[in-house]
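Descriptive analysis of the structure
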Amino acid sequence: MPIDPGLLAQLAERREAAEASGGPARAAKRHEQGLLTARERLDQLFAAHTFQEFGLHAQHQTQKFGMADKFLPTDGVITGVGYVEGRPVAAFSQDFMVAGGSLGKVHAQKICTLMDHAGKAGMPIVGYNDSGGARIQDGVESLSGYGQVFNRNILMSGVVPQIAVISGPCAGGAAYSPALMDFLIMTRRGAHMFICGPEVIRAATGQVTTMEEIGSAEAHARVSGNIHFIAEDDQHATAIVRDLLSYLPSNNMSDPPHMLSDEVTLKEDIELDNIVPGDPKQAFDVKDVIARIADDGRFLEIQAEFAANIVVGFGRIDGVVVGFVANQPMVKAGTLDIDSSDKGARFIRFCNVFNIPIVTLVDVPGFMPGVAQEKGGIIRHGAKMLFAYGATTVPKITVIMRKAYGGAFIAMCSRDVGADLVVAWPTAEIAVMGAEGATNILYREEIEKAENKAERRAELVAEYRAAFASPYMSAGLTFVHDVIEPRRTKACVSLALRTLLSKRDSRPPKKHGNIPL
Ligand code: HXC
């Protein structure tokens, strides 16, 4: 007997009502503001016809505060699984057109169900955050809902990649779900994120501030370091999500999406020989080096605006996905400071949990000197770099281009914290401290006595550099496996990566190490 047409009509009607979200007028208003709707965001993310929605008919059960008869389509969040470039991805998208995307009990349950599903099936999670926060009518049940979401974020951390897009308001405790994820992308207009807004800050402390200063994408990308990418608009945010996913494995049990070429590049790149300037005080742009090593010069930089004295991001070398970590001589002479240590360490740990080999490019004069750095805990923060590299079991290849001084030499993935291969360019200076500083200490009296102090000093600096800071000194002691012509860098790194893809590195069993935080 054929199915009752009335039942099919009812299904179509219910589906249409749920998909209508807040209705055409609200959708039109968003479009006028240059924003996409929650459903349009998912349409942009997933390949056509691949989205399987979970919970289209979900509905709040709140009876109080006039909610009994209130219809909230999808309960304000669209959740489901679809395909991105041929691989399954789980995503939720909070719907600001329905009760301001506020998070109630059922809304939270939908996100949790999706995350559980993603964890079991081993697929990345993408969350579009656009919400007025805890749904006031659901009271503490919405707080509990947040707690359950946070707990899933934590449980899934290091199991599947988690990417948060901040597409609208994300305030108070709600900001902690994105903060617990791996990468945060925030749109330049329409989005803001803060724990206490300007009014609360003024009431509590008397300090006067603006949303722009504390909660904008610009503020988080440059100052707080809370986010990883600024997107110009919704479309750009999703383009960044796709770009990121193209480098990431679906889960921690899989390899990243390598696209191995049949042969490694053996061709020399003569331009690399000209990158390091003759004058050790002159800067060069380490991104030029990355662009010459990465396939097609493609490099997805992470946190480009924050702590720019270290550069981190993804690329491929003859198809092998790698994480680059590089000192940037153009900014603060490439020193390691509090923020660059935090940024570097977090990236290194991400690469480790998701099986991404790390290529480290070194030109570091040391840790940043200064009262603010000491008072701010550079010891604790700098230790994160050491800890992160030392605890990492993925292949690690280090190229010392120029300076590698003191503790910072060790912290930039030296042999002794577990690099599998360390090569140096002939321009490398590896020493306890810079040649100038060391000469001042070692030869103070001799310089004082000299007739032409400046000349004698310069001679001694050159002698020190040749005798103690040359890469052959370190190569002789085997801290450096080889000294290579810069032009051979890609060939050398690429060969090493291929031989290291099968790397095994087992550690003593423990719950987890206690990284200084
Ligand atoms: C219930 C909410 C809501 C909320 C917004 N709405 N926030 N409903 N609970 N938290 C509803 C509005 O009533 C309105 O409903 C619709 O969403 C759109 O809101 P508007 O105010 O008209 O929009 P707009 O002017 O754009 O302002 C957006 C806003 C503002 C800035 C987000 O709505 C706002 O300040 N909301 C309250 C934010 C808040 O204090 N949340 C709690 C934070 S505490 P109608 O029916 O007109 O469509 C928190 C704790 C989390 O989140 C703790 C985790 C541990």
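Everything that follows concerns the structure shown earlier in this document.
Below or above, wherever it landed, is the structure these notes cover. Computed from a prediction, not measured in an experiment: that's the story for all the values here.

**Description of the overall build of the chain**
In terms of helices and strands, the chain carries 20 helices and 17 strands. Dimensions of the chain, computed from the C-alpha atoms along their principal axes, are close to 100 × 60 × 45 Å. For the chain, with 517 residues in total, the buried portion stands at 51%. Residue pairs at least 24 apart in sequence account for 73% of intrachain contacts in the chain once pairs closer than 6 positions are excluded. With the model as given, the accessible surface of the chain reaches about 23,900 Å², and the carbon-plus-sulfur share is 56%. A distance of 5 Å separates the average location of the 52 positive side-chain charges in the chain from that of its 59 negative side-chain charges.

**Overview of the pairing of strand β12 (residues 320–327)**
Among the 8 residues in β12, 8 count as buried, and that is most of the element. Relative to β12, strand β11 (residues 310–317) runs antiparallel, the two sharing 8 bridges. Looking at the pairing, V311 lines up with A326 of β12. Where β11 folds back onto β12 in an antiparallel hairpin, the turn is made up of 2 residues, including D318, whose phi is positive at roughly 45°.

**Re a nonpolar patch on the surface**
Taken together, the side chains of I3, L7, L8 and L11 make up a nonpolar region of the molecular surface, amounting to roughly 360 Å² of accessible area. L8 gets classed as partly exposed once you look at its relative accessible area, which sits at 45%.

**A few points about the site of the ligand**
Around the ligand lies a shell of 17 residues, among which R26, G100, G132, A134 and I136 are the nearest. A distance of 2.7 Å separates an oxygen atom of the ligand from a polar atom in the side chain of R26. Coverage of the ligand by the protein chains reaches 51% of its 1,000 Å² of free accessible surface. With 3 residues, the top contributor of residues to the shell around the ligand is helix α5 (residues 140–156). Within the shell around the ligand, the residues separate by chemical class into 8 nonpolar, 6 polar and 3 charged.

**Describing the environment of E485**
You can see E485 is positioned in the loop between β17 (482–483) and α20 (489–500). On the basis of relative accessibility, which here comes to 38%, the residue E485 falls in the partly exposed class. Put simply, E485 and A424 are 61 residues apart on the chain and 8.5 Å apart in space, counted from C-alpha to C-alpha.

**Focus: the pattern of salt bridges**
Following the criterion strictly, the structure yields 29 salt bridges and no others. In this structure, K281 engages E436 in a salt bridge whose closest nitrogen and oxygen atoms are separated by 4.0 Å. Here E436 lies in helix α16 (residues 435–442) and K281 lies in the loop between α10 (234–245) and α11 (286–293), a separation of 155 residues in the sequence. What emerges from the salt-bridge pattern is a single network uniting R30, R41, D130 and D234.

**Topic: the packing of helix α3 (residues 38–45) against α10**
Put simply, α3 and α10 touch, their axes get as near as 10 Å, and they point 40° apart. Relative to α10, the element α3 is oriented oblique. The interaxial crossing formed by α3 with α10 has right-handed handedness. Two secondary-structure elements touch here, α3 through R41, Q44 and L45 and α10 through D234, Q235, T238, V241 and R242. Classifying every residue of the contact of α3 with α10 by side-chain character gives 2 nonpolar, 3 polar and 3 charged.

Scoring rules and cut-offs
- Residues numbered from 1 in each chain as written.
- Predicted model: local features only at pLDDT ≥ 70, side-chain atom pairs only at ≥ 80, totals over all residues.
- Heavy atoms only, no water.
- Helix = DSSP H or I, 4+ residues; strand = E, 2+ residues; numbered from the N terminus.
- Buried < 20%, exposed > 50% of the residue type's maximum accessible area, 1.4 Å probe, protein only.
- Contact = heavy atoms within 4.5 Å.
- Areas by Shrake-Rupley, 256 points an atom, 1.4 Å probe, with all protein chains shown as cover.
- Lys, Arg positive; Asp, Glu negative; His and termini not counted.
- Charge placed at Lys NZ, Arg CZ, Asp CG, Glu CD.
- Pairing = 2+ DSSP bridges.
- Patch = residues over 30% accessible without salt bridge, like charges linked within 9 Å, V, L, I, M, F, W, Y side chains within 5 Å.
- Salt bridge = Lys/Arg side-chain N within 4 Å of Asp/Glu carboxyl O.
- Near = heavy atom within 4 Å.
- Polar contact = N/O pair within 3.5 Å; in protein donor to acceptor, adjacent residues only side chain to side chain.
- Nonpolar A, V, L, I, M, F, W, Y, C, P; charged D, E, K, R; others polar.
- Axes fitted to C-alpha atoms, helices over the stretch in contact; angles between N-to-C directions.
- Parallel < 35°, antiparallel > 145°, perpendicular 65-115°, else oblique.
- Left-handed = near helix turned anticlockwise from the far one by under 90°.

The values reported here are purely geometric and, on their own, carry no functional implication.
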